[in-house]
Each structure stands twice: as C-alpha cells, then as structure tokens.
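Here is what each chain is made of, one letter per residue.
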Amino acid sequence: MGEVLNEYFSSVITVEKVMEARDLKWSRSFPQLQDLNQLTVVDITHHTTTSENVTCELVGVIIRMEPDSYWCDEHDDASIPNLAVIVILCRRRCGLSSCITYYLTSMAVTDLLVMITTVILNRIVGIYFPGSFMFITPVCSLRIALNYAIIDCSVWVTVAFTFDRFMAICCQKLKIKYCTEKTAARVIGTVCTLSCLINTFRYFQFEPVYIINNVSWFCSIKLIFYTSPAWAAYDWIHQILTPCLPFILILLFNALTVRDILVASKARKRLTVNNNGENRSDPEMEKRRNSMVLLLCISGSFILLYLLLLINFLYVRIAKFNYFSGSNFDQSNFILDQSGYMLQLLSSSINPFIYAGTQRKFREELKNGVKYPLSLIAKLFK
C-alpha cells in the first residue's frame, strides 16, 4: 500500500502523514471505513477498484482540502466590512442618490453572500468539519451550484451599476426614466434571477466519489464534462457571461463615461472662467468626478482580480487540461487555479475599502459607527 500512496501523492507528503491524517481525522468522521469491505466505490481514477486505491483516493480527498487553509482564513472576517457597508448605506446619509445606494447595497449583499457560501460553507466547513452532511453528494452539488450563482450575481450587479452610471452621465434624456429606484430594483432582481437559472445546470455536472452504506459522498466533475460538446459549450457560455462579457462591457461603459466627463469638464471650465482668469468652483463637475473615481475603482478592481481566473479557464480549454484537483503545491496549474480563486474571493471583500477611500461622507458615517458603541461603554462606566 505504501507504493500506491507514494505514487498517488507524487512525494508531496509522506506515507506516515497520510496514514496519520486518515487515522486521526477520518476514523472519527467515517467509522464505517474501519472495514473496507463495507465500502462501495464509484471509481473516479478509472484505473482500478482495489481496496488499496480506494483508501488512497479517500485520503487524497482529505489532502486536497488542505491547500485552501493557506488562504481561506484571509477572508474569514471579510463579512464584517460588508455588513458595515450595508448598515451605512441603508441609513442613506452618504450623499449618494437613491439609485446609486440601491446598486451599492446590492453589491454589498451579494459580496456578503459570497463570503458566507463560498468561504464559510465551502472552504472552512471543508477543512474543519470533514464528513458532515455538507459532503453528501446532492448537498455538495447544490452548494457548488449556489456558489457559482451568487458569484455571478455579484459580477453582474457590478456591470449593472457601471451601466447605470453610464446612463446617468452620458444619456441625459434617458436618465430620468432609467436612473430610478424602481428600475434599479427591477434590474437587480432580473440579474440575480437569471444568474440563478443559468447555474442550475451546475448541479448536474457532478457525480459521487464514494458510496458508503448507500450514501453518496463528495462531488467529482464527470469526465463527460470535458468530452461532451454540450458541456463544453455550456462551460464556454458560462465563462463568456462571467467574466468575459462583463470585462468588455465594463471597459466599454467606463471608456464612454470618462470621455463624456472629460469633454463636459472642458466645456464647463470655459464657461466658468471669470474675467480675472480665476476658475469658479463647479459643484456639478465635482460630483461627476467623485462618481467617476468610485466607478473606476470598483470596475478596475473587478477586472484586475478576475483576470487570473479568466487566464486559468483559457489555459484549461485551449491547452485541453482538466481543472486542477490534486495537492501538488509545485505544479503550475495548482498555483494558477488557487491564485485565481483567491483573487476572485478578494474582489468580494475589497469594495468597502474603496468606499472608505473615495467617499468622504462614508468615512464620516464609519467613524460615527465606531464611536457609538464606545460612547455607550463610556456612559456605562460613568
């Protein structure tokens, strides 16, 4: 069995550590594994179904969860800034229009849901609660499909916000009809509904890794996902919708918005020059500049943080590799895959810092929120 383990893990870890992980961790989670004769296996290695390879593959599932622990802890507390953003924006004291407030609040909510589903329910549960009901194949498949759906919601709400700012600045005639609370609510609802519907197919792309006492455990991507033209088309369509098309739309709308602001700024600057050659302050242009800075920071961070994930997809489909599922830290596809996911999740926790850096009133509300509990504590001790 030692030779099988060494061959499977490619000398990433020693046989002793594998056996230690199996005995200490999985003997408690799956006591029925003490007798391998009770184990019915859906063989995903497509080589053999001997008991040695069964044990080896099961331990491999344990080890594959370990790499996430290097970076998922970075996002453990990312829900706190998003909660703070939701509370501050709901108070509507940041000097933002109701339409912008709707979009920013929805972005904060979807980012918070990304932290809950993708980081807490997926990554952290996978590391600290192995063998729980969350790893039953139907629940596992549903969890993964939900992760994709919420991430897509977060992406397309960002696109909707970019388009809203484009309409508000560049299309003055349509601004009155489009840039309203009702329209914003309808757009957000439509985007989130479509994202959920498109990702329902994700539920069917997985198969169980093991069947223990007639219970299916874990999720493995079916090989047909890589060979079937229908699944290949679905994967291409999904990647085009998220993040390829958002990349193009965000860049296009931002370019048109910045061009319109620069042209209008030059025109208004000529009109506001005094006879003495002094420039008067222009509140309208200041408002537009602040809006442009906020827009560019949000969309720019999205593009930068999703770029590596897009490169990983192109690498898999063009080079005809599988999405990485091993545990060799030295392999380039492992580094590319995990780095892409890390930056993707980082994009869901960075917006609160953008708001704090670009919006003066938001910073004031944040300071007031920090001071309030401190003042209550001070009153209690008086």
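Described below are features of the structure shown in this document. The structure presented is a predicted model; accordingly, all values stated were derived computationally and were not measured. (Residues numbered from 1 in each chain as written. Predicted model: local features only at pLDDT ≥ 70, side-chain atom pairs only at ≥ 80, totals over all residues. Heavy atoms only, no water.)

Further remarks concern the overall build of the protein chain. Secondary structure assignment for the protein chain yields 14 helices and 5 strands. Here the contacts in the protein chain between residues at least 6 apart in sequence split such that 75% fall between residues at least 24 apart. Accessible area of the protein chain: about 20,300 Å², with a carbon and sulfur share of 63%. (Helix = DSSP H or I, 4+ residues; strand = E, 2+ residues; numbered from the N terminus. Contact = heavy atoms within 4.5 Å. Areas by Shrake-Rupley, 256 points an atom, 1.4 Å probe, with all protein chains shown as cover.)

Turning our eyes to something else, we now look at empty space enclosed by the protein. Where empty space is left can be seen by rolling a probe of water-molecule size over the atoms. One pass over the full model with this rule turns up 2 cavities of 30 Å³ or more. Taken as a whole, the largest cavity spans an internal volume of roughly 100 Å³. Taken together, 13 residues form the lining of the largest cavity, with Ser-154, Thr-158, Phe-302, Ser-347 and Asn-351 sitting closest to its centre. At the level of secondary structure, the elements contributing two or more residues to the lining of the largest cavity comprise α5 (98-128), α6 (137-170) and α11 (283-318). At 4 residues, the largest contribution of residues to the lining of the largest cavity is made by α11. Here the lining of the largest cavity is built from residues that sort into 6 nonpolar, 6 polar and 1 charged. (1 Å grid on protein atoms, 1.4 Å probe; cavity = no way out; pocket = protein on both sides within 12 Å on 5 of 7 lines; lining within 4 Å. Points joined across faces, edges and corners; volume = space filled by probe spheres on them. Nonpolar A, V, L, I, M, F, W, Y, C, P; charged D, E, K, R; others polar.)

Under the definition given, this model contains 1 disulfide. Across a sulfur-sulfur distance of 2.4 Å, Cys-140 and Cys-219 are joined as a disulfide pair. Separated by 79 residues along the polypeptide, Cys-140 in helix α6 and Cys-219 in the loop between β4 (215-217) and β5 (220-221) bring together distant segments of the chain. Cys-171 provides the cysteine sulfur closest to Cys-170, a residue in no disulfide bond, and the two sulfurs are 6.0 Å apart. (Disulfide = S-S within 2.5 Å.)

Counting 51 residues, the largest nonpolar core has Tyr-103, Leu-104, Phe-161, Ile-298 and Tyr-355 as its most contacted members. For this core, the secondary structure elements donating two or more residues are α4 (79-91), α5, α6, α8 (181-198), α10 (229-271), α11 and α13 (351-358). The residues contacting Phe-161, other than those within four sequence positions of it, are Ile-100, Tyr-103, Leu-104, Met-107, Leu-294, Leu-295 and Ile-298. Listed in part, the 8 residues of the second largest apolar core include Val-209, Tyr-210, Ile-212 and Phe-218. (Core = buried A, V, L, I, M, F, W, Y, C linked by side-chain atoms within 4.5 Å. Buried < 20%, exposed > 50% of the residue type's maximum accessible area, 1.4 Å probe, protein only.)

Structurally, Arg-268 is set in helix α10. Separated by 16 residues in the primary sequence, Arg-268 and Glu-284 have C-alpha atoms spaced 9.6 Å apart.

With 13 residues, α4 should reach 18 Å at 1.5 Å per residue; the first-to-last C-alpha distance of 19 Å fits that figure. Every buried residue of α4 is accounted for by Ser-79, Asn-82, Val-85, Ile-86, Ile-88 and Leu-89. Looking at the packing, one finds that the buried side of α4 touches α5, α13 and α14 (360-380). Arg-92 sits one or two positions beyond α4 and adopts a positive phi of about 55°. (Expected span 1.5 Å × (residues − 1).)

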